[in-house]
Every structure is written in structure tokens, then in C-alpha cells.
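Commentary on secondary and tertiary structure
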Amino acid sequence: MDSDKKFIQEITMLTTEQITQFTQDGYVIVPDFKTAAEIAALRERAAQIVDAFDPAQSRSIFTTKEQEQHIDHYFLNSANNISCFFEEEAFDAQGNLRQDKSLSINKIGHAMHDLDPVFSAFSRGPALAQVAQQLGLQQPQIWQSMYIFKQPGIGGEVRWHQDATYFETDPVSVTTFWFALEDATLDNGCLWAEPGGHRTAMRERFVREGDLVRVEKLDATPWPDDSTAVPLEVKAGSLVCFHGLLPHYSAPNRSPVSRHAYTLHVTDGTTHYSPQNWIQRDASFPVRGF
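Residues numbered from 1 in each chain as written. Predicted model: local features only at pLDDT ≥ 70, side-chain atom pairs only at ≥ 80, totals over all residues. Heavy atoms only, no water.

1. Some points on the overall build of the chain
In terms of helices and strands, the chain carries 7 helices and 15 strands. Principal axes of the C-alpha set define a box for the chain whose edges measure 60 × 45 × 45 Å. Taking all 290 residues of the chain together, 53% fall into the buried category. Counting every atom, the chain has about 13,100 Å² of accessible surface; 52% of that belongs to carbon and sulfur. With 24 positive and 38 negative side-chain charges, the chain shows a spacing of 2 Å between the two charge centroids. (Helix = DSSP H or I, 4+ residues; strand = E, 2+ residues; numbered from the N terminus. Buried < 20%, exposed > 50% of the residue type's maximum accessible area, 1.4 Å probe, protein only. Areas by Shrake-Rupley, 256 points an atom, 1.4 Å probe, with all protein chains shown as cover. Lys, Arg positive; Asp, Glu negative; His and termini not counted. Charge placed at Lys NZ, Arg CZ, Asp CG, Glu CD.)

2. Looking at the sheet that holds strand β5 (residues 158-161)
Pairing in this open sheet of 4 strands is antiparallel, and the strands run β5-β13-β8-β11 from one edge to the other. With partners counted over all chains shown, the strands left at the sheet margins are β5 and β11 (230-232), one partner each. Averaged over neighbouring strand pairs, the angle between their axes works out to 25° when direction is ignored. Bridge analysis of strand β8 (residues 191-193) against strand β13 (residues 248-250) gives 3 bridges, and the strand direction is antiparallel. Looking across to β13, one finds that A193 is bridged to H248. (Pairing = 2+ DSSP bridges. Axes fitted to C-alpha atoms, helices over the stretch in contact; angles between N-to-C directions.)

3. Considering the packing of aromatic side chains
Given two aromatic rings, their pairing is described by the distance between the two centres and the angle made by the two planes. Overall, the coordinates contain 16 aromatic pairs when judged by the stated rule. With centroids separated by 5.8 Å and ring planes inclined at 50°, the aromatic side chains of F53 and F86 adopt a geometry described as tilted. With F53 in the loop between α3 (36-52) and α4 (73-77) and F86 in strand β2 (residues 82-86), this residue pair connects regions lying 33 residues apart in the sequence. Judged by its relative accessible area of 6%, F53 is buried. The class for F86 is buried, based on a relative accessible area of 0%. (Phe/Tyr/Trp six-rings, centres within 6.5 Å; stacked < 30°, edge-to-face > 60°.)

Dropping the structure here:
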């Protein structure tokens, strides 16, 4: 057993070069982090959740545009739940789904890592704990999980943003763990990021007060453009880790191929987690690490 643990550590440990890249660029790509079997299990479970979802429960869409106008009780309740959200273009003018439900869901969120055994197994383990430690997270706390479908043809754009906007800590500590469940390419809406952009200011803060939310503008630094941003094309199984202040976005998916991904947002328990962040936990549902 000890030899197995040593083997796990050896194959998952970030190299000095990878840690340096994370420090300099604000992100690092770790190829072949998850196996095909692990990915298949997560995809199968996600499909089961969508299959069981009744669209009559909610027609809530997920969008990063004018968010205050699109936040509803369904979204807020999803903070510590398992909920499905539709793509912006899922419905026609008459309110009917343009295509099958399985091809219309934008994402599942936001607490599968704690509420579902399959997602919990994928989200935890010594390999992830080690990566988190090497990236400087002393007490990792997983606040949010999202299964993102980026559906063929209608996969929505995710505008430029920083994840620290939604998980403010003092000092900034949120780190994103983004798993490619399918190949992510320019054609199907891969991530784009600005190397070194994590050294820029936090531009916005997403604040929740009861059932009211607002986006506070903090800094006028412009978002990146094609002259400074780079595409992060990765193969299925890759893990992309990035700093909470790293500006990133993804384009719409107009291709016939989906781009499934799974993300975790993790803060350091040694930092102060803002009581105005939209996701909160108490003793009845404590936040946990890897």
C-alpha cells in the first residue's frame, strides 16, 4: 500500500517547471491527470442527473451577461444543491426546447462534490490534495463544483472574468481546478487566458445580501483581447489549474462537437472568506477539502 501511495505521488507531483509556470503565467496544464475510466464514470453520472431533471421544475438559464437580471431563487438555492441550467439559446420564441433536453443543458451546479458519491470521488483524493499543496493552498476548501456541457451549436459564451469575483478572500486565494472531459479546441470553445494577467487588479465583486445580488465595479482595467490572450487547447483528461485573478473566457461553441468540462473552485481556509460571497456554508453543511 505504501508503494502505491508513493507511485501516486510520483506521477502526479507538479514539476518545478510547472510550478514556475503557475507563478509566472497564472495557470498550469497537467496532461493525463484523469483516466478515461474516471471521465466515463463522471459523464455517465452527469447524464443520469440530466435525464432525471424535469424541465418543468425550472427554465433557469445560465449566462454571464447582465447577471443581476438573470439571478433567481433557483440559482441562489443551487449554491448548496444539485441543479440544472439551460443554455441561453436552448428555447425558441415559443418557449420550446430547440433540441433534446440532453443537448440543451448548459451546466449542473453547484454542490455535486459534496452531495453525489460519483462526483465526490472525482473531486477528491491524494493526487488533487498534493497539487493543491504545491500551488500554495494550505487548507483547501472546495466551495463549488460545476459540470459544463458547452453544447454543440448552442454552447454559450462565458465572458471575460476572474473567479475571485465570486469567491473573495483576504488575501486572494481562490484557485480553479478545471478538468477537460473531452478535447477542448478552438472549434468547440476552449478556454482563453491572459498569461500573467493574475497580477492585474480584481475588476469586479459579486455580492450577495439575502436574496439580492449585485456586481460591484472595483477597477477599470480593460479585459484582454486577442493581442494578449492565448487559447488553452487541451486533451481530455487534462487538468488546468489557474489563479483566481487570472482573466479567462470561452467563446460560443458553434461546432457539432460538445466540450464537456468539470470545475472546482477552492479557497484556502487560512484566509478570510467574505460573508458576502454568494455561496456560504454553516455547521450543518461544512465546507471540506480534498
